[in-house]
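# Chain and residue survey
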Protein chains: 2
Amino acid sequence: MKKSLGAKTLAQPTPVWVVGSYDSKGKPNMMTIAWGGICCSQPPCVAVSLRKATYTHGCLSERRAFTVNIPSAAQVKEADYVGTVSGRTIDKFAATKLTPVRSELVDAPYIQEFPVVIECRVIHIIEIGLHTQFVGEILDVKAEEEVLGEQGMADILKVKPFIFDPAQGAYYSLGERIGKAFSIGRKS
Amino acid sequence: MKKSLGAKTLAQPTPVWVVGSYDSKGKPNMMTIAWGGICCSQPPCVAVSLRKATYTHGCLSERRAFTVNIPSAAQVKEADYVGTVSGRTIDKFAATKLTPVRSELVDAPYIQEFPVVIECRVIHIIEIGLHTQFVGEILDVKAEEEVLGEQGMADILKVKPFIFDPAQGAYYSLGERIGKAFSIGRKS
């Protein structure tokens, strides 16, 4: 029997990604988000949603570029902290001792210490409500050599990304591989 | 040292959700997606991206409604199968023995056997490229009573949602709770 929980953002799971950007003065900034996801295969695009009140919202609107930086579970404290304070008043890179690296492809910095980073240029800005959605075309994905696995792709068991659960306001690690996609469910 | 992997949809993690809809004749249809995510808090909205070639794309365009159904890890075979065949030629509910339930709020069916379902009406349709993004306003979230936890919310450790890794084309289960959000990273 299903019970109504109301009109709430209770999707499970949501990602934990840190959005990198430059402000109007060229200062690197970052912000943690869970409202986002891949939204197109060709061109490859990722969407991130930001409240208008955030400092990052202004950075993306002006620079029309951002990075999506995927933290490893060991970096949960840094990622959480970056989501609780504003770049308007705090230099989050200095506070976390994370290192901004200027992208050669887009006008945004990525985070050196995070295992996987995605460089994007903004191609759509969609006003939805409290949040604005920025659709970024992915120009490159970069990963630390130590997390690479088969076929030179990032091995998720080495990256160890974690997820956010909006229902309980908590982070969860990744578990085990449970099957090959487009395969495990095929009927013989 | 970071290595370039190219302009690819290599975000980790992505969700595994099954989109429910009715076709023009009122036949219930469903399709598994990983390109999606929450995109606004007020109004609460979730976005799903679909290729124009899919049968579900036509259903959402016409009915302007859909459901997001969250499968549990035990339902990985059904969810995978639903992503490998087309509703144009196959009745996926009959093939999987899953049960469509008519939503009382939107013109779409949800899946009785899945632990959490989200009922949405389409408020934006955004052409990005190969994929079209449908932004749905969440009108209600329903969960099985047996997966409810503290404060009457869905307990993610009971729901057991799983994730898709685009890099390896595989599914992974959820791991352990690693911290409270907006808390674990706070500096004292």
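Predicted model, so just to flag it, every value in this text is computed and none were measured.

So, on to the overall build of chain A. The helix and strand inventory of chain A stands at 4 helices and 13 strands. Over its C-alpha trace chain A gives a radius of gyration of 17 Å, about what one expects of a compact globule, namely 16 Å for 188 residues. Summarising its shape, the C-alpha atoms of chain A cover approximately 60 × 45 × 35 Å along the three principal directions. Buried residues in chain A amount to 61% of all 188 residues. Across chain A, the 22 positively charged side chains and the 19 negatively charged ones have centroids separated by 9 Å.

What follows covers the confidence of the model for chain A. Per-residue confidence for chain A gives a mean pLDDT of 96; residues scoring 70 or more make up 99%. Both scores are available for the predicted complex, with the pTM at 0.97 and the ipTM at 0.97.

Taken together, the contacts link 101 residues of chain A with 101 residues of chain B. For the pair chain A and chain B, the summed buried surface comes to about 8,400 Å²; carbon and sulfur atoms form 62% of the total. Across the salt bridge formed by K2 of chain B and E144 of chain A, the nearest N and O atoms sit 2.7 Å from each other. Seen at the junction of chain A and chain B, the total is 51 residue pairs in polar contact (both at pLDDT 80 or more). Among the elements that take part in the side of chain A that touches chain B, strand 13 (residues 170-180) of chain A stands out by supplying 11 residues, more than any other. Taken together, the residues of the side of chain A that touches chain B sort by class into 56 nonpolar, 27 polar and 18 charged.

Let us look at unusual backbone geometry. Note the cis peptide between Q12 of chain A and P13 of chain A, where omega equals -10 degrees. As for its position among the elements, P13 of chain A is in the loop between strand 1 (2-6) and strand 2 (14-15).

This part takes up the packing of aromatic side chains. Summed over all chains, the structure comprises 6 aromatic pairs over all chains. An angle of 70 degrees between the planes, with centres 6.0 Å apart, marks the rings of F182 of chain A and F164 of chain B as edge-to-face. In this pair, F182 of chain A sits in the segment after strand 13 while F164 of chain B sits in strand 12 (residues 163-165), so the two residues belong to two different chains. Taking 6.0 Å as the distance between ring centres and 55 degrees as the angle between the ring planes, the aromatic pair formed by F164 of chain B and Y171 of chain B counts as tilted.

Here we take up the relation of the copies chain A and chain B. The two copies are related by a screw operation: chain A maps onto chain B through 180 degrees of rotation and 0.0 Å of translation along the axis, at an RMSD of 0.0 Å. Taken together, the rotation and translation relating the two chain copies correspond to the operation of a two-fold axis. Within chain A, G175 of chain A has its C-alpha nearest the rotation axis, a separation of 2.0 Å. Comparing contact sets, 100% of the residues at the interface of chain A also lie at the interface in chain B, consistent with an isologous, same-surface contact.

Further remarks concern the environment of V117 of chain A. On the secondary structure map, V117 of chain A appears in strand 10 (residues 116-127). Distance from V117 of chain A to A74 of chain A, taken between C-alpha atoms, is 16 Å for residues 43 residues apart in sequence. Dropping the residues within four chain positions of it, V117 of chain A is found in contact with V68, N69, Y110, I111, D140, V141 and K142 of chain A together with K2 of chain B.

Reading the values: the criteria
- Residues numbered from 1 in each chain as written.
- Chains lettered and ligands numbered in written order.
- Predicted model: local features only at pLDDT ≥ 70, side-chain atom pairs only at ≥ 80, totals over all residues.
- Heavy atoms only, no water.
- Helix = DSSP H or I, 4+ residues; strand = E, 2+ residues; numbered from the N terminus.
- Rg over C-alpha atoms; globule rule 2.2 N^0.38 Å.
- Buried < 20%, exposed > 50% of the residue type's maximum accessible area, 1.4 Å probe, protein only.
- Lys, Arg positive; Asp, Glu negative; His and termini not counted.
- Charge placed at Lys NZ, Arg CZ, Asp CG, Glu CD.
- pLDDT = per-residue confidence, 0-100.
- Contact = heavy atoms within 4.5 Å.
- Buried area = accessible area lost by both parts, 1.4 Å probe.
- Salt bridge = Lys/Arg side-chain N within 4 Å of Asp/Glu carboxyl O.
- Polar contact = N/O pair within 3.5 Å; in protein donor to acceptor, adjacent residues only side chain to side chain.
- Nonpolar A, V, L, I, M, F, W, Y, C, P; charged D, E, K, R; others polar.
- Phe/Tyr/Trp six-rings, centres within 6.5 Å; stacked < 30°, edge-to-face > 60°.
- Least-squares fit on C-alpha atoms with pLDDT ≥ 70 in both.

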